[in-house]
Structure formats: C-alpha cells, structure tokens
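Structure at a glance
As a plain string of letters, each chain reads:
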Amino acid sequence: MLWLDQWNYTTVTSHWYSSQLIFPYGLYYLEKRRRLAQAYIDACGRTETELIRNAIVAINLLSAKLGDNKYFYGDKPSSLDALIFGYLAPILKLPLPSDRLQQHILGCPNLVRFIESIISIYLPLTETQIRLQSLSKDKWQIRRARAQKSAERMHLRRETIDEQASAPIRDTVLFAVGALTLSLLFAVHLGIISVSIEEDIPPIDIE
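No experiment lies behind these values; they were computed from the predicted model shown.

As a further point, take the overall build of the protein chain. Along its length, the protein chain carries 7 helices and 0 strands. Its helices and strands taken in sequence order, the protein chain reads α-α-α-α-α-α-α from the N to the C terminus. Taking all 207 residues of the protein chain together, 24% fall into the buried category.

And the structure:
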C-alpha cells in the first residue's frame, strides 16, 4: 500500500524517505524497497484488488477479536498488540491519497480507540513535536488533495481511452450488419434471392 500504490508512494513514502536519507542513497534505497515489495506481490500471485479485499477481511477479523477489550489479550499490551499497532497505525495516521483501508479502519471504532490509546500512553508527543506536526499538517493535506485529484483525472482518462478503444469494434460490427442487410435487400430486389411464403392451410375433414 505504501510502496506499490502510485499515489501513496509519490505523495508520502518517496517524499518522506527522500527528506530523511542522504542523496543518492535515498534513491537507491527507495527503488530497492519498491522492487522487493513488487517481488513479494508477484510471488503471491494476487492482484491489487485481491490484496485490498484480503486486508479488509483481516481488519474486520481484528475488530471482531478486539471487541470491547482494551488490548487483544487482557488489560496489558503484548507483542501481538505491538505487531498489529505497527501495521494499522501508519494506515490510520498517514495522509494517504488512496485511503480505502484508512476509511475502513475509521469505520471500526474499537481499532481506532486501540491505536489512539497506545499512542497516548506509550508514544506521547512532546510540545515541540505537536507544534511541528500542526505546522506541517496543512502541507500534507494539500499534497494529499492534489494527488487525489490527479488520480481522479487519470481514472477519467483511462475510461475515455477504453471507450475510444471499444468504439471501432462497435462501429465495425454495426457496419457489417448494415452492409449485410443492404446486400440481402438488393439481392431480393434483383431476383437473385427469391422469398416464397407458404401458407399453412389447416386440413379440412370431408365426411
């Protein structure tokens, strides 16, 4: 999701890593990680749609398992809680343009509460971090909105291209049907093809 989705990668992943890593190592690292992610997906043999569907199923199962509990096993966090938090928190908190999974997590209040609880207790932000986060929030939201608009425009272009690609086939079929109809009418008119109509006369019983 962060490495292979075009809009999430360019808007969040690539931008953040590039700002943290020294050039040109940052480019090498990003490309290497992206290739590894693609190789893993190829090995799984699943499409992006299937991966999203599987992720939604997993989120639903986690939500059902957590229920009204604070953590997944009791009142104290375990290594499982840390693992689940590590997967869900970035999806929930990052300004992702492709936010289908983010919206799904937001629809699971117990998972949102679980994530927010761990952040507030174990990963509290300092006043400086809160101030910097507030200052950069608008910038990230602008980048997110811009990427979402670009994604919508690309989707519309693809639909237009698909329609244009299907138009010649449709026109060819219609032309062939029309030409065949005209040929048959012309042949009938010249007498090349004769059409006879036989009336089905019911038998008459003669007693």
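Looking now at the nonpolar core. Judged by nonpolar contacts, the single largest core of 20 residues is most densely connected at Ile59, Leu88, Ile105, Leu111, Phe114 and Ile115. If one sorts the elements of this core by residue count, helix H4 (residues 79–93) sits on top with 6 residues. Excluding its chain neighbours within four sequence positions, the residues that come into contact with Ile105 are Ile59, Leu88, Ile91, Leu92, Val112 and Ile115.

Before going further, it helps to spend a moment on a nonpolar patch on the surface. Nonpolar side chains collect at one region of the surface, where Tyr73, Leu80, Leu83 and Tyr87 lie side by side and expose about 460 Å² of accessible area between them. For Leu83, the position within the fold is in helix H4. Given a relative accessible area of 48%, Leu83 falls into the partly exposed group.

Attention shifts here to H4. An ideal rise of 1.5 Å per residue puts 21 Å on 15 residues; H4 measures up with 21 Å between its terminal C-alpha atoms. The largest bend in H4 comes to about 30°, at Phe85. All buried positions along H4 are accounted for by Asp81, Ile84, Phe85, Leu88, Ala89, Ile91 and Leu92. Looking at the buried residues of H4, the elements they touch are helix H3 (48–66), helix H5 (100–106) and helix H6 (109–122).

Time to look at the side chain of Thr13. With respect to the helices and strands, the residue Thr13 is situated in helix H1 (residues 6–20). If sequence neighbours within four positions are ignored, Thr13 has contacts with Leu2, Trp3, Asn8 and Leu30.

The next thing to look at is H6. Relative to the 20 Å expected for 14 residues at 1.5 Å per residue, H6 spans 20 Å between its end C-alpha atoms, a close match to the ideal helical length. The complete set of buried residues in H6 reads Asn110, Leu111, Val112, Phe114, Ile115, Ser117 and Ile118. Elements in contact with the buried residues of H6: H3, H4 and H5.

This part covers the packing of H4 against H6. Where H4 meets H6, the closest approach of the two axes is 10 Å, and the angle between their N-to-C directions is 100°. Here H6 runs roughly perpendicular to H4, going by the angle between their axes. Facing Asp81, Ile84, Phe85, Leu88, Ala89, Leu92 and Lys93 of H4, the residues of H6 in contact are Leu111, Val112, Phe114, Ile115, Glu116, Ile118 and Ile119. Taken together, the residues of the contact of H4 with H6 break down into 11 nonpolar, no polar and 3 charged.

Let's shift gears to the packing of H1 against helix H2 (residues 25–44). Contact geometry of H1 with H2 gives a least axis separation of 10 Å together with a crossing angle of 140°. One element, H1, and the other, H2, form an angle in the oblique class. Our pair here, H1 against H2, has a crossing hand that is right-handed. Along its contact with H1, which presents Gln6, Tyr9, Thr13, Ser14, Tyr17 and Ser18, the element H2 presents Tyr29, Leu30, Arg33 and Arg34. Looking at the contact of H1 with H2 residue by residue, the class counts come to 4 nonpolar, 4 polar and 2 charged.

What follows deals with the packing of aromatic side chains. Under the definition given, this model contains 6 aromatic pairs. When the ring of Tyr71 is compared with that of Phe114, the centres are 6.4 Å apart and the planes differ by 80°; the resulting orientation is edge-to-face. Separated by 43 residues along the polypeptide, Tyr71 in the loop between H3 and H4 and Phe114 in helix H6 bring together distant segments of the chain. With relative accessibility at 1%, the residue Phe114 sits in the buried group. Considering the side-chain rings of Phe72 and Phe114, the 5.3 Å spacing of their centres and the 80° angle between planes classify their relative orientation as edge-to-face. Note that Phe72 is positioned in the loop between H3 and H4 and Phe114 in helix H6, a separation of 42 residues in sequence. With respect to burial, Phe72 and Phe114 carry one shared label: buried.

Calculation notes
Residues numbered from 1 in each chain as written. Predicted model: local features only at pLDDT ≥ 70, side-chain atom pairs only at ≥ 80, totals over all residues. Heavy atoms only, no water. Helix = DSSP H or I, 4+ residues; strand = E, 2+ residues; numbered from the N terminus. Buried < 20%, exposed > 50% of the residue type's maximum accessible area, 1.4 Å probe, protein only. Core = buried A, V, L, I, M, F, W, Y, C linked by side-chain atoms within 4.5 Å. Contact = heavy atoms within 4.5 Å. Patch = residues over 30% accessible without salt bridge, like charges linked within 9 Å, V, L, I, M, F, W, Y side chains within 5 Å. Areas by Shrake-Rupley, 256 points an atom, 1.4 Å probe, with all protein chains shown as cover. Salt bridge = Lys/Arg side-chain N within 4 Å of Asp/Glu carboxyl O. Expected span 1.5 Å × (residues − 1). Bend = angle between axes of the 7 residues up to and from the residue. Axes fitted to C-alpha atoms, helices over the stretch in contact; angles between N-to-C directions. Parallel < 35°, antiparallel > 145°, perpendicular 65-115°, else oblique. Nonpolar A, V, L, I, M, F, W, Y, C, P; charged D, E, K, R; others polar. Left-handed = near helix turned anticlockwise from the far one by under 90°. Phe/Tyr/Trp six-rings, centres within 6.5 Å; stacked < 30°, edge-to-face > 60°.

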